[in-house]
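If you want the building blocks of each chain, they are given just below.
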Amino acid sequence: MQVNAYAIGPARRPVLDRVCTIADQATRLVEREMGVCLRGVELLVTDTYFTRLLACADDGASLYGCTLYGLDRIVCVANAQTHVHDPAEADMTVIHELVHAAQMLQPGVRRVEKFRTEESLSRLSAPVREQYHTWWDDREAQACELERLAAHLNPATGPVREARRAPVRTIV
């Protein structure tokens with residue numbers, strides 16, 4: 001699993017180290033549970049500002065992470081700032097976002113993801129918009145339910161490695 005870092009200061013370094021350590025294990029657990037291969041999915045560990053920027057979220061949102069479906073890859077973003085007091089909490093965020101990545105690899109999702117912005121959703125009829133929200137709520141519920149997999153992660157057995165510093169332009 002490729003782990004990248006952007007805007008990580010010394011206070012957030014333990015979260016980055018934790019994510020680097022558990023990334024491969026988390027990937028294997030989600031792949032086994034969801035029956036998909038997450039090869040090519042990347043993890044990006046960054047701060048609140050860039051997480052909100054990438055997720056197009058407002059300043060009031062409590063954002064632990066997001067998953068972005070790009071033209072040529074899926075990027076799971078983990079907000080290190082929200083886990084600075086307990087880096088082990090990042091385990092659940094990583095699992096949650098990897099589940100979303102696995103969901104995005106399912107048939108037909110690329111077509112549905114085009115309507116994810118509110119501007120696009122507002123152009124849909126009310127019944128179709130409601131159907132989309134129900135579809136998305138089901139996927140969010142599945143990701144929350146599978147956060148339980150984080151209990152099976154063992155950071156003591158993970159590889160010790162460094163994350164690459166990733167420029168934001170590689171994601172957008």
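This text follows the structure it describes.
Rules of the game
Chains are numbered independently. Their residues run from 1 in the order of the written sequence. With pLDDT at 70 or above as the cut-off, local features in this predicted model cover only qualifying residues; side-chain atom pairs require 80 or more to be listed or tallied, and sums for whole chains, interfaces and linings still use all residues. To obtain the side-chain values, all non-hydrogen atoms of the structure were used and water was disregarded. Helix and strand definitions here come from DSSP, where helices need a minimum of 4 consecutive H or I residues and strands a minimum of 2 consecutive E residues; each element is numbered from the N-terminal end. Contacts were defined at the residue level, with two residues in contact if any of their heavy atoms lie within 4.5 Å. Exposure was quantified through the Shrake-Rupley algorithm and a 1.4 Å probe, taking into account, for residues, occlusion by the shown protein chains and nothing else. Three labels apply to residues, based on accessible area from a 1.4 Å probe with only protein chains included: buried if under 20% of the type maximum, exposed if over 50%, partly exposed otherwise in between. Only C-alpha atoms enter the line fits that serve as axes; for helices the fit covers just the stretch in contact. Angles between N-to-C directions range over 0 to 180 degrees. Angles below 35 degrees are treated as roughly parallel, those above 145 as roughly antiparallel, those between 65 and 115 as roughly perpendicular, and all remaining angles as oblique. Throughout, a crossing is termed right-handed when the near helix is turned clockwise from the far one, and left-handed when it is turned anticlockwise from it by less than a right angle. Nonpolar residues are Ala, Val, Leu, Ile, Met, Phe, Trp, Tyr, Cys and Pro. Charged residues are Asp, Glu, Lys and Arg, and all others, Gly as well, are polar. Should DSSP find at least two bridges between two strands, the strands are taken to pair. We call a crossover right-handed when, viewed with both strands directed away from the observer, the connection leading from the first strand over the helix to the second proceeds clockwise. For this document, the term salt bridge refers to a Lys or Arg side-chain nitrogen within 4 Å of an Asp or Glu carboxyl oxygen. Only buried residues count toward a nonpolar core, which is a set of Ala, Val, Leu, Ile, Met, Phe, Trp, Tyr and Cys residues joined through side-chain atoms within 4.5 Å.

Draft legend 1. Just the overall build of the protein, in detail. Across its full length, the protein holds 6 helices and 5 strands. If you list the helices and strands of the protein from N to C, you get β-α-β-α-β-β-α-α-α-α-β. Considering only contacts in the protein between residues 6 or more positions apart, those separated by 24 or more positions represent 73%. Only carbon and sulfur atoms are counted for the fraction: they give 53% of the accessible area of the protein, which is about 9,300 Å².

Draft legend 2. Here's a closer look at the side chain of Glu97. With respect to the element layout, Glu97 can be found in helix H3 (residues 90-104). With relative accessibility at 7%, the residue Glu97 sits in the buried group. Those residues in contact with Glu97, other than ones at most four positions away along the chain, are Gly65, Cys66, Thr67, Cys76 and Val77.

Draft legend 3. View of the side chain of Thr48. By the secondary structure assignment, Thr48 is in helix H2 (residues 48-55). Apart from residues no more than four positions distant in its own chain, Thr48 is found in contact with Asn79 and Gln81.

Draft legend 4. The packing of H3 against helix H6 (residues 126-145), seen in detail. Here H3 crosses H6 at 135°, and the two axes come no closer than 8 Å. Between H3 and H6, the angle is such that the two are oblique. Where H3 crosses over H6, the handedness of that crossing is right-handed. Side by side, H3 and H6 meet where His96, Val99, His100 and Gln103 of the first sit next to Trp136, Arg139, Glu140, Gln142, Ala143 and Cys144 of the second. Tallied by class, the residues present in the contact of H3 with H6 amount to 4 nonpolar, 4 polar and 2 charged.

Draft legend 5. Geometry of the pairing of strand S1 (residues 2-5). In this sheet, strand S2 (residues 42-46) lies alongside S1 in parallel orientation, the contact comprising 4 bridges. In the strand pairing of S2, Asn4 is matched with Leu44. On the question of chirality, the crossover connecting S1 to the parallel S2 by way of helix H1 (residues 13-34) is left-handed.

Draft legend 6. Just the pattern of salt bridges, in detail. Here the structure, examined in full by the defined rule, presents 5 salt bridges. One salt bridge connects Glu33 with Arg148, and the closest N-O pair in it is separated by 3.4 Å. Taken together, the residues span a long stretch of sequence, with Glu33 in helix H1 and Arg148 in the loop between H6 and strand S5 (164-165) at a distance of 115 residues. Residue class for Glu33 comes out partly exposed when judged on its relative accessible area of 40%. Ionic pairing is found between Glu42 and Arg73, a salt bridge with its closest N-O pair at 3.4 Å. Residue Glu42 is found in strand S2, and its partner Arg73 is found in the loop between strand S3 (65-69) and strand S4 (74-79); the two are separated by 31 residues along the sequence. With relative accessibility at 25%, the residue Arg73 sits in the partly exposed group.

Draft legend 7. Spotlight on the nonpolar core. Within the largest apolar cluster, 34 residues are counted, with the highest numbers of intra-cluster contacts made by Val3, Val19, Val30, Leu38, Ile95 and Leu98. Counting residues per element, the ones that place at least two in this core are S1, H1, S2, S4 and H3. For this core, the element with the most residues is H1, which contributes 10 residues. Those residues in contact with Ile95, other than ones at most four positions away along the chain, are Ala26, Val30, Leu146, Glu147, Leu149, Ala150 and Leu153. Of all hydrophobic cores here, the second largest spans 6 residues; its members include Leu54, Leu68, Val75 and Val77.

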